[in-house]
Amino acid sequence: MIMKNLLFLLLPLLLTTCQNQSSSNASLAMCHDPNAAVARFASFANDPVFNAAHPTPEFVELNKKGKMIEFPVAGGPNGRAYFVKARKKTNKYLLVFQEYWGLNTFVKNEAAAWNKDLNINVLAIDLYDGKIAATAEEAGKLMQANDPARSAALINGAMQYAGPQADFRTIGWCFGGGWSLQAALLGGSRVKACAMYYGMPESDVAKLRTLNTDVLYIHADKDQWLTEQVATDFEKNMKSAGKSLTVKHYDADHAFANPSNPKYNSTAAQDARAVVKAYLMGK
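Residues numbered from 1 in each chain as written. Predicted model: local features only at pLDDT ≥ 70, side-chain atom pairs only at ≥ 80, totals over all residues. Heavy atoms only, no water.

Q: Whenever I open this one, the overall build of the protein confuses me. Can you help?
A: The secondary structure content of the protein amounts to 11 helices and 8 strands. Looking at the protein as a whole, 52% of its 283 residues qualify as buried. A sequence separation of at least 24 residues applies to 71% of the contacts in the protein between residues at least 6 apart. Carbon together with sulfur atoms contributes 55% to the accessible area of the protein, which is approximately 13,100 Å² in total. (Helix = DSSP H or I, 4+ residues; strand = E, 2+ residues; numbered from the N terminus. Buried < 20%, exposed > 50% of the residue type's maximum accessible area, 1.4 Å probe, protein only. Contact = heavy atoms within 4.5 Å. Areas by Shrake-Rupley, 256 points an atom, 1.4 Å probe, with all protein chains shown as cover.)

Put into structure tokens, the structure is as follows:
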């Protein structure tokens, strides 16, 4: 009886902790579970066709505009990110999320490019803790081994590194497209914008109701995995959640925005970049 009464008294407190939007990032990580959406995308690595659609990226040179930094992460080793500082002092940050290859040169160069375009601090968070794939097989294994709890803790640690006055925008491609949305969910009212390139959307309407930003979804109409049905379901779920979603369609393949990928579509990539830039500049 004593234990029953104690649980009765503690239950409202536990519920309040998860519902309070002003709670710390650590609390958000405990209450938010990205496993389902992340696992759906990770399962694509079991498909040989998916891996074949990701040939080894062509070599690109690092533009060396940023630097690797470390930051504390609750419950584990320090996290890492590629940091590109804004030219003028600002509390605005863009969180960048890698493709399934890892935090490679393409992602670092993208971080520097967005820093230049937006005059914003950029943190490209290393969700693989230093590992970078050289082949599609390695990339698939790294993606499937990714621990969503660790990634959530990394995101929270990066936000804490930016400081209490910082606000955030998120962007990612492929594997990172899904994490762009998960970061927006984790960041609560501090997140002002979320851009996703052909990533796995969150399908839990209850979670989507906690979003504090609208979302821009870049969809590749020839994508065999993030299909038209995925985009349609995302629109339906966001509408049910009472949230704003813009889906921009392109007659292109998955990973069309990466110039180091043979599926690169320069016309679609340039148009999508202009759309995303205009969206982010308005935030």
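Okay, back to it.
Q: Help me understand the pairing of strand S8 (residues 245-250) in this model?
A: The side chains of a regular strand alternate, residue by residue, between the two faces of the sheet. Note: strand S7 (residues 215-220) against S8, 6 bridges, orientation parallel. When the bridges of S8 are listed, Val215 appears paired with Leu245. This β-α-β element, S7 to helix H10 (residues 228-241) to S8, shows right-handed connectivity. (Pairing = 2+ DSSP bridges. Right-handed = clockwise from strand over helix to strand, strands pointing away.)

Q: How do you make sense of the sheet that holds strand S1 (residues 67-73) when you look at a structure like this?
A: Sheet strands associate in pairs through backbone hydrogen bonding, adopting either a parallel or an antiparallel arrangement. The strand order across the open sheet formed by 8 strands is S1-S2-S4-S3-S5-S6-S7-S8, and the pairing between neighbours is mixed. Here the strands that pair on one side only, and so sit at the sheet edges, are S1 and S8. Across the sheet, the axes of successive neighbouring strands diverge by a mean angle of 20°, strand direction being ignored. Across 6 bridges, the pairing between S1 and strand S2 (residues 76-84) is antiparallel. Bridging from a neighbouring strand, Val73 pairs with Gly76 of S2. The strands that helix H8 (residues 175-187) touches are strand S3 (92-97), strand S5 (167-173), strand S6 (191-197) and S7; relative to S6, the one it contacts most, it runs at about 165°. (Axes fitted to C-alpha atoms, helices over the stretch in contact; angles between N-to-C directions.)

Q: Please explain empty space enclosed by the protein as it appears in this structure.
A: Empty space among the atoms becomes visible once a probe the size of a water molecule is rolled across them. One pass over the structure, following the stated rule, counts 1 cavity of 30 Å³ or more. Together, Ala37, Val38, Phe41, Phe175, Gly178, Trp179, Gln182 and Met200 line the largest cavity. By residue number, the principal contributor to the lining of the largest cavity is H8, which donates 4 residues. Split by residue class, the lining of the largest cavity holds 6 nonpolar, 2 polar and no charged. (1 Å grid on protein atoms, 1.4 Å probe; cavity = no way out; pocket = protein on both sides within 12 Å on 5 of 7 lines; lining within 4 Å. Points joined across faces, edges and corners; volume = space filled by probe spheres on them. Nonpolar A, V, L, I, M, F, W, Y, C, P; charged D, E, K, R; others polar.)

Q: Is there a simple way to explain the side chain of Asn261 in this structure?
A: Tracing the backbone shows Asn261 in the loop between S8 and helix H11 (266-281). Beyond its immediate chain neighbours, meaning those up to four positions away, Asn261 contacts Ala53, His54, Pro55 and Ala255.

Q: Explanation requested: the side chain of Asn115 in the structure shown.
A: Inspection of the secondary structure puts Asn115 in helix H5 (residues 105-118). For Asn115, a relative accessible area of 8% puts it in the buried group. A polar contact of 3.1 Å, which involves the side chain of Asn115, links it to the backbone oxygen of Lys85. Of note is the side chain of Asn115, whose polar atom sits 2.9 Å from the backbone oxygen of Ile120. Those residues in contact with Asn115 that sit more than four places away from it in its chain are Val84, Lys85, Ala86, Arg87, Ile120 and Val122. (Polar contact = N/O pair within 3.5 Å; in protein donor to acceptor, adjacent residues only side chain to side chain.)

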